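Analysis of the macromolecular model
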Amino acid sequence: MLTAGPAHAHAHVTAADARALAENVTLAFTSEAENPEAGFTELRVELPDGIEPSAVQLKKAPKGWKLKTTDGGYRLAGPETPAGADAEYEITVRQLPDARKLAFKTVETYADGTVARWIETSDAGHGHGDGHDSGQPAPVLELRPAAPGAEPIDPGDSGAEDSDDKAGAATEAAPEPSATVAEDTATAADGAETEQTVAAGEDSGSSVLPLAAGAVGVLALGGGAWWFLRRRNAADAS
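So, here is what we can say about the structure in this document. Note that the structure is predicted; figures quoted are calculated from it, not measured.

Quick look at the environment of A38
Mapped onto the elements of the fold, A38 is located in the loop between strand 2 (23-31) and strand 3 (40-46). Residue A38 is classed as buried on the basis of its relative accessible area of 4%. Distance in space between the C-alpha atoms of A38 and T109 is 9.8 Å, their sequence separation being 71 residues. The residues touching A38, leaving out its near neighbours within four places in the chain, are E80, A83, G84, Y110, A111 and D112.

Topic: the sheet that holds strand 7 (residues 87-95)
As a general point, the strands of a sheet are linked pairwise by backbone hydrogen bonds and lie either parallel or antiparallel. Pairing is antiparallel across the open sheet formed by 4 strands, whose spatial order is 1-2-7-4. For this open sheet the edge positions go to strand 1 (11-15) and strand 4 (56-60), each flanked by a neighbour on one side alone. The mean angle between the axes of side-by-side strands here comes to 30°, regardless of whether they run parallel or antiparallel. Note: strand 1 against strand 2, 5 bridges, orientation antiparallel. Among the inter-strand pairings, A15 is bridged to a residue of strand 2, identified as L27.

Some details on the packing of aromatic side chains
Enumeration according to the criterion identifies 4 aromatic pairs in this entry. Between the aromatic rings of F29 and F104, the centroid separation amounts to 5.3 Å while the plane-to-plane angle is 80°, which identifies the pairing as edge-to-face. One end of the pair, F29, is in strand 2; the other, F104, is in the loop between strand 8 (101-103) and strand 9 (105-110), and 75 residues separate them in sequence. Exposure remark for F29: the relative accessible area of 4% places this residue in the buried category. When the centroid spacing of 6.3 Å and the interplanar angle of 85° are considered together, the rings of Y74 and Y89 count as edge-to-face.

Here we look at the side chain of K101
For K101, the position within the fold is in strand 8. The class of K101 is buried, set by a relative accessible area of 18%.

Details of the pattern of salt bridges
The final tally for this structure, using the stated rule, is 5 salt bridges. Salt-bridge contacts for E42 lead to R75; the nearest nitrogen and oxygen are separated by 2.5 Å. Taken together, the residues E42 in strand 3 and R75 in strand 6 (residues 73-77) connect sequence positions 33 residues apart. A relative accessible area of 14% means that E42 is categorised as buried. E142 is paired through a salt bridge with K101; the nearest N and O atoms lie 3.0 Å apart.

What to know about the sheet that holds strand 5 (residues 66-70)
One open sheet holds the 5 strands; their spatial order is 5-6-3-9-10, and the pairing between them is antiparallel. Across the chains shown, the open sheet's two edge strands, defined by having one partner strand only, are strand 5 and strand 10 (115-118). Looking at each pair of strands side by side, their axes are set apart by 15° on average, direction ignored. Pairing geometry for strand 9 and strand 10, over 4 bridges, is antiparallel. Paired with T109 across the strands is V115, a residue of strand 10.

Quick look at the pairing of strand 3
Looking down a regular strand, the side chains alternate between one sheet face and the other. Bridge count between strand 3 and strand 9: 6 bridges; the pairing is antiparallel. Directly across from R44, in strand 9, lies its bridge partner V107. Pairing between strand 3 and strand 6: 5 bridges, direction antiparallel. Across the sheet, the residue bridging to E46 is G73, located in strand 6.

Digging into the nonpolar core
Judged by nonpolar contacts, the single largest core of 27 residues is most densely connected at L27 and F104. Put simply, the parts of the chain that give this core at least two residues each are strand 2, strand 3, strand 6 and strand 7. Top contributing element to this core by residue count: strand 7, with 4 residues. Beyond its immediate sequence surroundings of up to four residues, F104 is in contact with V13, L27, F29, V45, E46, L47, P48, I51, W118, A138, P139 and L141.

What counts as what
- Residues numbered from 1 in each chain as written.
- Predicted model: local features only at pLDDT ≥ 70, side-chain atom pairs only at ≥ 80, totals over all residues.
- Heavy atoms only, no water.
- Helix = DSSP H or I, 4+ residues; strand = E, 2+ residues; numbered from the N terminus.
- Buried < 20%, exposed > 50% of the residue type's maximum accessible area, 1.4 Å probe, protein only.
- Contact = heavy atoms within 4.5 Å.
- Pairing = 2+ DSSP bridges.
- Axes fitted to C-alpha atoms, helices over the stretch in contact; angles between N-to-C directions.
- Phe/Tyr/Trp six-rings, centres within 6.5 Å; stacked < 30°, edge-to-face > 60°.
- Salt bridge = Lys/Arg side-chain N within 4 Å of Asp/Glu carboxyl O.
- Core = buried A, V, L, I, M, F, W, Y, C linked by side-chain atoms within 4.5 Å.

Pasting the structure below:
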């Protein structure tokens, strides 16, 4: 019975909505324990074609475990799980690809260094040995046909690119307020110059008027003196 245990241990994957092109699907994984002396410390998964590591988010995992994306998949690791206990976790995938079956090749690592590789797939993609392997099939999720009207998500519609577009639009729009501010500043400067010019004109006018008045006064006094002297000379002659 002890020797038969490891042979019956497997890694599994299930989903409530296992349908091609389904969106925001939660996948539940179970790595059955086959080492009674040590618990799991790490699970490495290679994602099937059509699922990018960036489209995967961790939803549930053993306490203290964290998910990090890798080239073509992800690594889930953390404190050692109890020896003899299965490792269970859940991820959310943004959209499943348009396929019939999805194989998630999984490599399990135990605290004592033992490694179990559930990575074998048959040509038909059933996830079982083809008679020439050691019977360690990769977890496989079978998909139902896509729902009517379902289409692949356009990568151009992703939130990251939308954010870039918004940022670009904001960048393009930014010069307009700056230009307006510059124009307002220039207008204010022109107005200031106009006010200064008007003030200078008023100062010039106020200086000229007193001078003109003084000149008129001098002429009036001179004319009066001339008239007085002329009258006086005429009186003496008579």
